[in-house]
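Chain by chain, the residues run as shown.
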Amino acid sequence: MSCVAITTVSDITTVSDITAGDYIALRRRAASLSVADVAWMVAGRAEDRRVFANLLIEWEADLSVPSPAYLRTLQNAFRIDPYIFRQLVTGIGDPEICRACGCSALDACHDDAHGACAWATPAHDLCTTCAIRGAHPRGA
């Protein structure tokens, strides 16, 4: 899976700034999906799509946390590392995720030119794919 770096989450300068909602948004955007795209992928009826889109907006704003069932539903639409997500929700552990696209060691980016990404920084907070593309969140 190719990764698309996110530069619109402007407050993210370190991994410690990333919330569970930020992580969902980073991974969704890295997959080049809008909220509406995800809702179309996971819900059949128009009303269900509206409800799911509102839930996704709520989760990305950290107003609530998706249940395990909803997290699996999100994983059907785009890649989310459940271990990283759990660390961000509980605050337990020190997640190693790219601050530009949200990838992790267990959920690496991949592009045809360079293959799977690796860590570009000693802090394990920027992947090589994003570093090559010069993708850094504003303020980094």
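Rules behind the numbers
Residues numbered from 1 in each chain as written. Predicted model: local features only at pLDDT ≥ 70, side-chain atom pairs only at ≥ 80, totals over all residues. Heavy atoms only, no water. Salt bridge = Lys/Arg side-chain N within 4 Å of Asp/Glu carboxyl O. Helix = DSSP H or I, 4+ residues; strand = E, 2+ residues; numbered from the N terminus. Buried < 20%, exposed > 50% of the residue type's maximum accessible area, 1.4 Å probe, protein only. Axes fitted to C-alpha atoms, helices over the stretch in contact; angles between N-to-C directions. Parallel < 35°, antiparallel > 145°, perpendicular 65-115°, else oblique. Contact = heavy atoms within 4.5 Å. Nonpolar A, V, L, I, M, F, W, Y, C, P; charged D, E, K, R; others polar.

> Give a description of the pattern of salt bridges that names residues and reports values.
All told, the structure shown has six salt bridges when counted by the stated rule. Where D107 meets R27, a salt bridge forms, and the shortest distance between an N and an O atom there is 3.0 Å. Within this pair, whereas D107 is found in the loop between helix 5 (82–90) and strand 1 (110–111), its partner R27 is found in helix 1 (residues 20–30), the two being separated by 80 residues in sequence. There is no split in this pair, since D107 and R27 are both buried. Residue E47 is joined to R50 by a salt bridge in which the shortest nitrogen-to-oxygen separation is 2.8 Å. Of this pair, E47 and R50 both sit in helix 3 (residues 46–60), three residues apart, roughly one helical turn. For E47, a relative accessible area of 41% puts it in the partly exposed group.

> Quick one: what's the story with the packing of helix 3 against helix 4 (residues 68–77), residue by residue and with numbers?
It is the contact of helix 3 with helix 4, at a shortest axis distance of 13 Å, that shows an interaxial angle of 100°. As far as their axial angle goes, helix 4 and helix 3 are roughly perpendicular. On the side of helix 3, the interface is formed by F52, L55, L56 and W59, while helix 4 contributes Y70, T73 and L74. Residue classes in the contact of helix 3 with helix 4 are distributed as six nonpolar, one polar and no charged.

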